[in-house]
Amino acid sequence: MTDVTADLDINDSEQLRYIAAQAADARVNVELETEGMTLNIGPQHPATHGTLRIVARLDGELVISAEPIMGYMHRGYEKLTEVRTYPQVTTLINRIDWVGSFANEVPFILAAEELMEVEAPPRAQYIRTALFEMGRIANIMLFLGDMAVQLGGVTAIFYAFRDREFVLNQIESATGGRFHPNFNRIGGVKDDLPAGWIAETKSSMQKVRDFCDEMEDLVVGNEIFQSRCRGVGVIPAEKALEYGLSGANLRGSGVDWDLRRDEDSPLAWKDLDWKVWTHPDGDSFSRYWVRLQETREATYMVEQLLDGLPSGPIMAKVPRIIKVPAGESYVQTENPLGAMGYYVVSKGELTPFRVKIRTASFSNMSISPWLLEGVYVPDIATILASLYFILGDIDR
Amino acid sequence: MSTTEEVVEEEVVTDTVREAIAKAFADELGDGFIEQHINPGSDLWIRIAASSWVDAALFARNKLGMTWLDFISAMDWLPNPYGREMESEQDWVVHGKEDATPEEMTTGIAGGDTRFQMMMRLYSTEEHIGVTIKADVGDVAGAAPAIESLIPVYAGASWHEREVWEMFGIDIIGHPDKRVLYLPTGFEGNPMRKDYPLVARRVKPWPGIVDVEAMPGEADDEADAADGADA
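Residues numbered from 1 in each chain as written. Chains lettered and ligands numbered in written order. Predicted model: local features only at pLDDT ≥ 70, side-chain atom pairs only at ≥ 80, totals over all residues.

K.L.:
Sorry if this is basic, but what is going on with the overall build of chain B here?
P.N.:
Secondary structure summary: chain B contains seven helices and seven strands in total. Along chain B, helices (α) and strands (β) appear in the sequence α-α-β-β-α-β-α-β-β-β-α-β-α-α when read from the amino end. Relative to its 231 residues, chain B shows a buried fraction of 35%. Taking the contacts inside chain B whose residues are at least 6 apart along the sequence as the reference set, 62% of them involve residues at least 24 apart. (Helix = DSSP H or I, 4+ residues; strand = E, 2+ residues; numbered from the N terminus. Buried ≥ 20, exposed ≤ 12 C-beta atoms within 10 Å, placed from the backbone. Contact = placed C-beta atoms within 7 Å.)

K.L.:
How do you make sense of the pairing of strand 7 (residues 338–346) of chain A when you look at a structure like this?
P.N.:
Residue and element names in this part refer to chain A. Along strand 7, nine of the nine residues are buried, which leaves the element largely enclosed by surrounding structure. Sheet topology note: the strand 6 (residues 327–335)/strand 7 ladder contains nine bridges and is antiparallel. Paired with tyrosine 330 across the strands is tyrosine 343, a residue of strand 7. Connecting strand 6 to the antiparallel partner strand 7 that follows it, the hairpin turn spans two residues. The sheet contact formed by strand 7 and strand 8 (residues 354–358) spans five bridges and is antiparallel. Opposite tyrosine 343, over in strand 8, you have lysine 356 as the bridge partner. (Pairing = 2+ DSSP bridges.)

K.L.:
For this particular structure, what's the right way to read the interface of chain A and chain B?
P.N.:
When the parts come together, some accessible area is lost, and that loss is often what is quoted as the size of the interface. Taken together, the contacts link 36 residues of chain A with 33 residues of chain B. Where the side of chain A that touches chain B is concerned, the elements lending two or more residues are helix 2 (77–80), helix 9 (237–242), strand 6, strand 8 and helix 13 (360–366) of chain A. Here the residues of the side of chain A that touches chain B sort into 15 nonpolar, eight polar and 13 charged. (Nonpolar A, V, L, I, M, F, W, Y, C, P; charged D, E, K, R; others polar.)

K.L.:
I keep staring at the nonpolar core and nothing clicks. Help me out?
P.N.:
The nonpolar side chains of a soluble globular protein tend to be buried with one another. Judged by nonpolar contacts, the single largest core of 155 residues is most densely connected at A:Ala111, A:Ala112, A:Leu131, B:Ile46, B:Met118 and B:Ile170. The element best represented in this core is helix 5 (residues 122–150) of chain A, accounting for 16 residues. If we skip the residues at most four places from it in the chain, A:Ala111 touches A:Ser329, A:Tyr330, A:Val331, A:Tyr342 and A:Val344. (Core = buried A, V, L, I, M, F, W, Y, C linked by C-beta atoms within 7 Å.)

K.L.:
I keep staring at the pairing of strand 4 (residues 116–124) of chain B and nothing clicks. Help me out?
P.N.:
Moving residue by residue along a regular strand, the side chains alternate between the two faces of the sheet. Residue and element names in this part refer to chain B. Counting buried positions along strand 4 yields eight of nine residues, so the element is predominantly enclosed. Examined bridge by bridge, strand 3 (residues 68–76) and strand 4 share eight bridges and lie antiparallel to one another. Across the sheet, residue serine 73 finds its bridge partner in strand 4, namely methionine 119. By the bridge criterion, nine bridges tie strand 4 to strand 5 (residues 129–137) in an arrangement that is antiparallel. Looking across to strand 5, one finds that methionine 120 is bridged to isoleucine 133.

K.L.:
How should I be thinking about helix 2 (residues 16–29) of chain B in this particular structure?
P.N.:
An α-helix turns once every 3.6 residues. As a result, residues three or four positions apart point the same way. In this model helix 2 of chain B runs 20 Å from its N-terminal to its C-terminal C-alpha over 14 residues, within 8% of the 20 Å that 1.5 Å per residue would give. B:Gly30 sits one or two positions beyond helix 2 of chain B and adopts a positive phi of about 60°. (Expected span 1.5 Å × (residues − 1).)

K.L.:
Could you clarify how one ought to interpret the sheet that holds strand 1 (residues 37–41) of chain A in this entry?
P.N.:
Adjacent strands of a sheet pair through backbone hydrogen bonds, lying either parallel or antiparallel. All names here are of chain A. One open sheet holds the three strands; their spatial order is 1-2-3, and the pairing between them is antiparallel. In this open sheet, the two edge strands, each paired with only one partner strand, are strand 1 and strand 3 (62–69). Each neighbouring strand pair of the sheet contributes to a mean axis angle of 20°, computed without reference to strand direction. Summarising the sheet, strand 1 and strand 2 (residues 53–59) pair through five bridges and their orientation is antiparallel. Opposite isoleucine 41, over in strand 2, you have isoleucine 54 as the bridge partner. (Axes fitted to C-alpha atoms, helices over the stretch in contact; angles between N-to-C directions.)

K.L.:
Quick question: what am I supposed to make of the packing of helix 6 (residues 155–175) of chain A against helix 7 (residues 197–220) of chain A here?
P.N.:
The relative placement of two packed helices is expressed as an angle between their axes plus a distance between the axes. All names here are of chain A. Closest axis-to-axis distance for the helix 6/helix 7 pair is 10 Å, and the angle between their directions is 165°. Considering the angle they form, helix 6 stands roughly antiparallel to helix 7. Crossing of helix 6 against helix 7: the hand is left-handed. Along the contact surface, helix 6 presents Thr155, Ala156, Tyr159, Asp163, Phe166, Val167, Gln170, Ser173 and Ala174, while helix 7 presents Trp197, Glu200, Thr201, Ser204, Lys207, Val208, Phe211, Glu214, Met215, Leu218 and Val219. Classifying every residue of the contact of helix 6 with helix 7 by side-chain character gives eleven nonpolar, five polar and four charged. (Parallel < 35°, antiparallel > 145°, perpendicular 65-115°, else oblique. Left-handed = near helix turned anticlockwise from the far one by under 90°.)

K.L.:
Can you walk me through the confidence of the model for chain A in this structure?
P.N.:
Residues of chain A with pLDDT of at least 70 account for 94%, and the chain-wide mean is 86. Element-level mean pLDDT values for chain A span from 76 in helix 1 (residues 13–29) of chain A up to 92 in helix 12 (residues 284–307) of chain A. (pLDDT = per-residue confidence, 0-100.)

K.L.:
Any chance you could explain the sheet that holds strand 1 (residues 33–39) of chain B here in plain terms?
P.N.:
Residues and elements named next belong to chain B. Pairing is mixed in the open sheet, where five strands are placed in the order 1-2-5-4-3. Bordering the open sheet on either side are strand 1 and strand 3, each of which pairs with just one other strand. Mean inter-strand twist for the sheet, computed between neighbouring axes without regard to direction, equals 20°. In this sheet, strand 5 lies alongside strand 2 (residues 43–48) in parallel orientation, the contact comprising four bridges. Paired with arginine 47 across the bridge in strand 5 is lysine 134. Contacts from helix 2 reach strand 1, strand 2 and strand 5, with the element oriented near 175° to strand 1.

K.L.:
So what exactly am I meant to see when it comes to the packing of helix 7 of chain A against helix 12 of chain A here?
P.N.:
Residues and elements named next belong to chain A. The N-to-C vectors of helix 7 and helix 12 enclose an angle of 165°; their axes lie 10 Å apart at closest approach. In terms of axis orientation, helix 7 runs roughly antiparallel to helix 12. Seen from above, helix 7 lies across helix 12 with left-handed handedness. Of the residues in helix 12, those in contact with Ile198, Thr201, Lys202, Met205, Val208, Arg209, Cys212, Met215, Glu216 and Val220 of helix 7 are Trp289, Leu292, Thr295, Arg296, Thr299, Val302, Glu303 and Leu306. Looking at the contact of helix 7 with helix 12 residue by residue, the class counts come to ten nonpolar, three polar and five charged.

K.L.:
What's the story with the environment of B:Val153 in this structure? I'm lost.
P.N.:
All names here are of chain B. Residue placement: valine 153 occurs in the loop between strand 6 (146–148) and helix 5 (157–168). Separated by 98 residues in the primary sequence, valine 153 and aspartate 55 place their C-alpha atoms 9.3 Å from one another. Among all residues touching valine 153, those that are not within four sequence positions of it are Val54, Ala57, Leu58 and Arg61.

K.L.:
Would you explain unusual backbone geometry in this entry?
P.N.:
Note: most peptide bonds trans; most residues except glycine with negative phi. With a phi angle near 55°, A:Glu117 is a residue other than glycine that sits in the positive phi range. Checked against the element boundaries, A:Glu117 lands in the loop between helix 4 (101–116) and helix 5. Taking the C-beta count within 10 Å as the criterion, A:Glu117 has 8 such neighbours and is therefore assigned exposed. In the Ramachandran plot, B:His128 falls in the positive-phi region, its phi being about 60° despite a non-glycine side chain. Structurally, B:His128 is set in the loop between strand 4 and strand 5.

K.L.:
Just to check I follow, could you spell out the environment of B:Asp70 for this structure?
P.N.:
Along the chain, B:Asp70 turns up in strand 3. Residue classification places B:Asp70 among the buried positions, given that 25 C-beta atoms sit within 10 Å. A C-alpha to C-alpha distance of 32 Å links B:Asp70 and B:Val199, two positions 129 residues apart in sequence. Ignoring anything within four residues of it in the chain, the contact list for B:Asp70 reads A:Gly244, A:Arg358, B:Arg121, B:Leu122, B:Tyr123 and B:Gly130.

Structure representation (structure tokens):
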């Protein structure tokens, strides 16, 4: 046994410093026995767009498992549609995705029209498509500002709220409702466009494009934003498909699929010159980037629609009391949050027999337990924000 | 002019792509394949035996490229057993109280023999073609409905199946995490079943059924008619 302290000279400060450093290193390298911790996020949290609750089990900063708990806003729309007449159903489904309400109505109306073998006149289809795309713009502008807030950059959301107002004003002046237009009718739309609306809308589209440029500088070009988003929450394309992801979440994973282009729809998308944006990375940054490009693309689509607006009636001939013939139809459209569809079963009554509502956020969020496993706590906010869900769209 | 239009219509009536898909399912599933229905140019339904449920999904995903899971849901074909009984007294004043004898049970596209049916919708993002697959579960009266879980084929099936399980009471065999998704813990009953009463309807009159809104353009016609009557 040799005495290790034999050579120690307690007056040699250099030697003492060396020993202290060695001891500190030893402590760092020891695998610390940390207790698991359960972190409850929500039901009220700014990142949840409603009342989503996430129970995460943590080991230090690492997420071991995360389980979303829903149902705080379940309103039972599928059951309620069974006791509403077809025109009344649109009032309910307006409130599914409450920032893109107009788009919620369209697939349901199309499904009912398909069963009734009615087709809205071209002018109505153009008005529908224009308002659909404006709803998309208003919806995604909120996301573009909100995502930056989740990462600590508060400025962007104020720009988003300021410029979104121009679009909402236009939606309001055409439909009467800022958030819940309830404007679609089976066979057409309720009213024609008000005077001067087209010119005003075009100038608001220019403002949206300016906003997009601003976001490109302020958010996308920001180093902190990039470093917190790049490589965070990567979803491979096969996983995205298996979980039924849609919209920008799927296109952000490099899947070139857009229902507006790829499905045969009576709406006017087929007449427009536009492009589907994709990004191969599949991370949070790519989802933001795709949505930014889509917003800009949508402004050009609205302008083309207004330039090519056909004249003519806005309603097809439909009976006053609507009874939809027995049958089943499924119509799906590319809504702001992703693919939304209604499976309508009719038995020839005033009310639907059953309506299955397929919402985008439900499937988009179903990947979250898989995606959040093994990430760090601050990335939870990044990932949830980049998936972009509206809680009403999950809970229905 | 008229002849070319006829040709176009004939082309729409046959849908070779969807027929080929239905035939592929029939060849693969054999006895498990029961019925098919095609709306040319728009949609395809097939009905299979519950025992072929997972096989059909595997085949669609691996061989037909239907890698995108759209949704999984269920149907309860039982006619509303309450008739107008569950409506409020105000509704009876307006519509009269109809006889509440339940009508015959009918099923929808591609048929069906049982009260409960499972549905899944699969889609190919390459070919842009979707299929709705139905399977009868339980017996005719709807007792003991059960179906195998699709989680091994599509991981995203989990939440859809939890919803079906709690809302329709259809047992999902092999689901690892059978907890309520939307309903509060300890909730009794399966709300989406037709015999689960919607009690709120009893205390509130049917909203807006009496005053049917005038269609755009129709109000003018009525005004004209009224003018004519006055004159």
